[in-house]
Amino acid sequence: MIKPLEDALAPITDGCLLAVPREVAGVPMAATRALIRRGVKRLHLVALPTSSLQADLLIGAGCVETLETSAVSLGEFGLAPRFSAAIIAGSITMKDATCPALHAAFQAAEKGEPFMPLRGLIGSDILKHRPDWRVIDNPFGNDDPIVLLPALKPDVALIHAPMADRAGNVWIGRQRELATMAHAATKTVVTVEKLHDGNLLDDPVLAAGTLPGFYIAALALAPNGCWPLSLPDYYPADLEHLAEYARLAATPEGFARYLEQYVHERRAA
Amino acid sequence: MSAVQPEATFRDEELLAEVIARIIGDVRHVAVGNASPIPATAALLARARGNGLPYVSLLQSRKHNFFTDGGRELFDCAGQGRIDVFFLSGGEIDGEANINLVSIGDYAHPKVRFPGSFGSAYLYYVVPKLILFRTEHSRRTLVPKVSFISAPGTSADNVYRPGGPIALVTNRCLFNFDRVRRRFSLASVHPGHNVEEIIEHTGFEFDRPDDVPTTIPPSQEALQLMRGVVALQLAEVYPQFAATVFGASSAHSR
């Protein structure tokens, strides 16, 4: 099950519906750079529920056809420049959402249910631009409109975690949405910082934070795999690098230089 | 504060945090989203005064965040009424408290694109004390009508809505929001600012009493808490903010 990174990413094919996590859950950036190097195309990218550098990079590199998420931002480094430029140019299709709608749609998929109801949303222009979302009258209420969200079932969930064992069990700790993503997706591809000797499910303390290998299609080692973002509890973000990204990505030429320097040239170590 | 206030011994950020802490009041759980150092200061100040209550969840924090069930737990909590106070902002906010976090211009061909709506299209409906916060008080941000409604200020009577906006805090003033009248009213003007200036820089109509009070400055007790225990807690998530605001101000004014 443990493969070289490029081989592990094989299930992520052109045009597939790819789910990726928010920044605090650990973002698989080494895998993202490998996908760009391979030249993946026409992704329907779903960021649960938001994204930062990862979506901006994939969009700028021309890998994304449709983006579905609640927000893309570089946080304290400002707006996500390639995302904003692509929206303004109309070069990607945007499906704006709100965070709990994406969580709920993944939960519907992990339960094998066709949809999930959600409060809020009525009167928002998000709903107006989502013909795939419906409003019904709550069958248990009386004149009580409520939104239904269709299940969101990714072809592939791509995640990063602190460790895995040789049986393919992956320790995700408290980042529970990684479990939701893996439960919902047809296939899950994981990169990890390191291998754990022994079986994670043998220790009840570790087992509670473990995603069973049953859900995992492919696994690769990627030490420091979230760089330049952080893997919370393990290492911080590389702020200097993120500032450089924000500066370069402000123009198409600068972004091309960034790709040349940090994505196509493989980093030492 | 501005030059009009020769005796000012606090910074704008400290005043705004104190204003927000007063609005938070006596509640059980305050949650603070991303990129919100001043609301985070206010929540931690309220907790410091309340000897550990309210519970404070800073979503970007490891230490001041007790969620263990993934990103959905915040929203599940809010949906059940377990979050009393939350904060939202907007690229644009209009006079009916509609907020826009998406784009300016036609949605399909916008002139400006913001990050996106985050959790606003849910939390704005279900959190009882939703405080709007926007430091830039200008006709660019406070507009007659938003280009895109990420979340509406009010809803039709048959729409489930236990929560919604109660106030808007800016760098110039505090507005209260009346959900029945669907209008803001000017509650107080911060020291160094005046009503004419508020009218000039606000793009929407609002109510105001004949005599608008001046915002009460933060007390010495509040300043000491903010510059002490709160600044230390804040530094985990907002190191730069904690250093520039509280490091500098404590050196100048003690």
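It should be emphasised that the depicted structure is a prediction, and the values quoted were computed from it without experimental measurement. (Residues numbered from 1 in each chain as written. Chains lettered and ligands numbered in written order. Predicted model: local features only at pLDDT ≥ 70, side-chain atom pairs only at ≥ 80, totals over all residues.)

(A) Representation of the domain arrangement of chain A within the structure. Once the domains are mapped, chain A shows domain 1 (2-97 + 153-264) and domain 2 (117-150). In this structure, domain 1 of chain A and domain 2 of chain A have C-alpha centres spaced 30 Å apart. (Domains from an automatic or database assignment.)

(B) Region of the structure containing the interface of chain A and chain B. With 40 residues of chain A at the contact, the number on the chain B side is 34 residues. Among the secondary structure elements, those contributing two or more residues to the side of chain A that touches chain B are α4 (81-89), α5 (99-111), α6 (125-128) and α7 (176-184) of chain A. Residue composition of the side of chain A that touches chain B, by class: 14 nonpolar, 15 polar and 11 charged. (Contact = placed C-beta atoms within 7 Å. Helix = DSSP H or I, 4+ residues; strand = E, 2+ residues; numbered from the N terminus. Nonpolar A, V, L, I, M, F, W, Y, C, P; charged D, E, K, R; others polar.)

(C) Representation of the pairing of strand β13 (residues 218-221) of chain A. All names here are of chain A. When strand β1 (residues 2-3) meets β13, the two strands line up parallel, connected through 2 bridges. Residue pairing for β13: Ile2 is matched across the bridge by Leu219. Pairing between strand β11 (residues 187-196) and β13: 4 bridges, direction parallel. Across the sheet, the residue bridging to Val190 is Leu219, located in β13. (Pairing = 2+ DSSP bridges.)

(D) Representation of helix α2 (residues 29-38) of chain A in the model. Residues and elements named next belong to chain A. Summarising burial for α2: 7 of the 10 residues are buried, a large majority. Among the residues making up α2, those that are buried are Met29, Ala30, Ala31, Thr32, Arg33, Ala34 and Leu35. Along its buried surface, α2 packs onto α1 (5-8), α3 (53-60), β9 (156-165), β11 and α10 (252-264). Positive phi appears at Gly39, one or two residues downstream of α2, with a value of about 85°. (Buried ≥ 20, exposed ≤ 12 C-beta atoms within 10 Å, placed from the backbone.)

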